[in-house]
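So the chains spell out like this:
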Amino acid sequence: MAALLLFCIGTNAHAQDASTDLLHDALHQLSQHTAVRAAFTQQRQNPALTQPQNSSGQLLFVTGKGMLWQVQQPYQETLALTGNQTLRIDANGHAQTVRSERGVSQISQMLQSMLAGQLDAVLRQFNVTAEGSATQWTLHFTPKQSRVAQVLRDIQLDGGAFLQGIRIDMQDGTQTDIRMTGTRDAGALSVPEKQALGLP
């Protein structure tokens with residue numbers, strides 16, 4: 001019995017070490033790209049609605065500055081997520097603060113920390129497990145803080161050299177699934193993009 005217990009403890013510790021190593025590998029790969037563009041499709045399912053809500057567009061992530069989320073279909077909207085703030089950018093480049101749903105701020109900050117390779121910032125707010133390989137991994141995040149856990153059930157990220165998908169499950173049954181394609185290094189940013197993210 002003692003030998004079996006030691007074996008189980010050893011196996012569990014090895015699995016945890018492997019998960020931690022994979023998490024570090026995934027973060028290291030993501031952090032190699034300081035500015036990234038991608039096309040996205042988003043499906044949001046809400047128990048209160050009979051049909052899922054679908055949207056698509058383009059996104060831009062800049063390490064240390066935030067994310068620019070440009071919805072193109074079925075409507076047009078540009079959101080800038082910087083730190084714990086969300087701004088709506090109109091066609092003239094004017095910004096207006098948007099009051100986010102509970103939990104959105106934590107999700108935004110976690111994604112920004114993840115894509116910047118900042119593991120400590122992520123682990124302060126989430127328990128994280130990893131599975132797969134360095135070329136195709138899946139990360140699972142569950143909130144540590146009870147007030148966040150009352151709203152957010154978990155987040156799943158999957159990818160390789162770039163982030164490929166995000167699934168967010170809320171406690172009310174709402175599920176958001178985001179898939180990214182054509183992910184690439186961003187290259188030069190336009191003047192409106194710089195202004196939206198507060199860049200000089």
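Numbers given for residues are sequential positions, taken from 1 along each chain in its written order. Since the coordinates come from a predicted model, pLDDT governs what is reported: local features require at least 70, and pairs of side-chain atoms require 80 or more to be given and counted, while whole-chain, interface and lining totals use all residues. Values reported for side chains reflect all heavy atoms of the structure, with hydrogen atoms and water molecules removed beforehand.

Filter applied, for reference: UniProt positions are given in the numbering used here, feature names are shortened, and annotations may be inferred rather than shown by experiment.
By the naming in an unreviewed UniProt entry, the protein is Outer membrane lipoprotein carrier protein LolA, taken from Dyella psychrodurans. Regarding the protein, the relevant UniProt record gives this comment under Subunit (unreviewed entry): "Monomer."

### Here's the deal with the pattern of salt bridges
Formally: One speaks of a salt bridge when a side-chain nitrogen belonging to Lys or Arg is within 4 Å of a carboxyl oxygen belonging to Asp or Glu. Going along the chain from the N terminus, every DSSP run of H or I of four or more residues is numbered as a helix, and every run of E of two or more is numbered as a strand. Think of it in three bands: residues with accessible area under 20% of the maximum for their type are buried, residues over 50% are exposed, and the middle band is partly exposed, with areas taken using a 1.4 Å probe on protein chains only.
By the definition in use, this model includes four salt bridges. Here Arg37 makes a salt bridge to Glu193, at a shortest N to O gap of 2.7 Å. Taken together, the residues span a long stretch of sequence, with Arg37 in strand β1 (residues 35-45) and Glu193 in helix α5 (residues 191-196) at a distance of 156 residues. Each member of the pair, Arg37 as well as Glu193, carries the same accessibility label: buried.

### A look at the layout of surface pockets
This is how it is decided: Only protein atoms enter the 1 Å grid used here, on which a cavity is any set of points holding a 1.4 Å probe that cannot leave and a pocket is any open set flanked by protein within 12 Å on both sides along at least five of seven lines; residues with an atom within 4 Å of a point are listed as lining. Grid points are joined across faces, edges and corners, and a volume is the space filled by probe spheres set on the points. For this classification, the nonpolar set comprises Ala, Val, Leu, Ile, Met, Phe, Trp, Tyr, Cys and Pro, the charged set comprises Asp, Glu, Lys and Arg, and every other residue, Gly included, is treated as polar.
Roughly 160 Å³ of volume is contained in the second largest pocket. Lining the second largest pocket, in full, are Leu68, Gln70, Thr78, Ile89, Asp90, Ala91, Gly93, Ser190, Pro192, Glu193, Gln195 and Ala196. With four residues, the top contributor of residues to the lining of the second largest pocket is α5. Tallied by class, the residues present in the lining of the second largest pocket amount to five nonpolar, five polar and two charged.

### Thoughts on the packing of aromatic side chains
The line we're drawing: Ring geometry is summarised as follows: Phe, Tyr and Trp rings, the Trp one being its six-membered ring, pair when their centres sit within 6.5 Å, and such pairs are stacked at plane angles under 30 degrees, edge-to-face over 60 and tilted between the two.
Counting across every chain of the model gives two aromatic pairs. Between the aromatic rings of Phe40 and Trp69, the centroid separation amounts to 4.0 Å while the plane-to-plane angle is 25°, which identifies the pairing as stacked. Of this pair, Phe40 sits in strand β1 while Trp69 sits in strand β3 (residues 66-73), placing them 29 residues apart in sequence. With a centroid separation of 6.0 Å and an interplanar angle of 90°, the aromatic rings of Phe126 and Phe141 are classed as edge-to-face.

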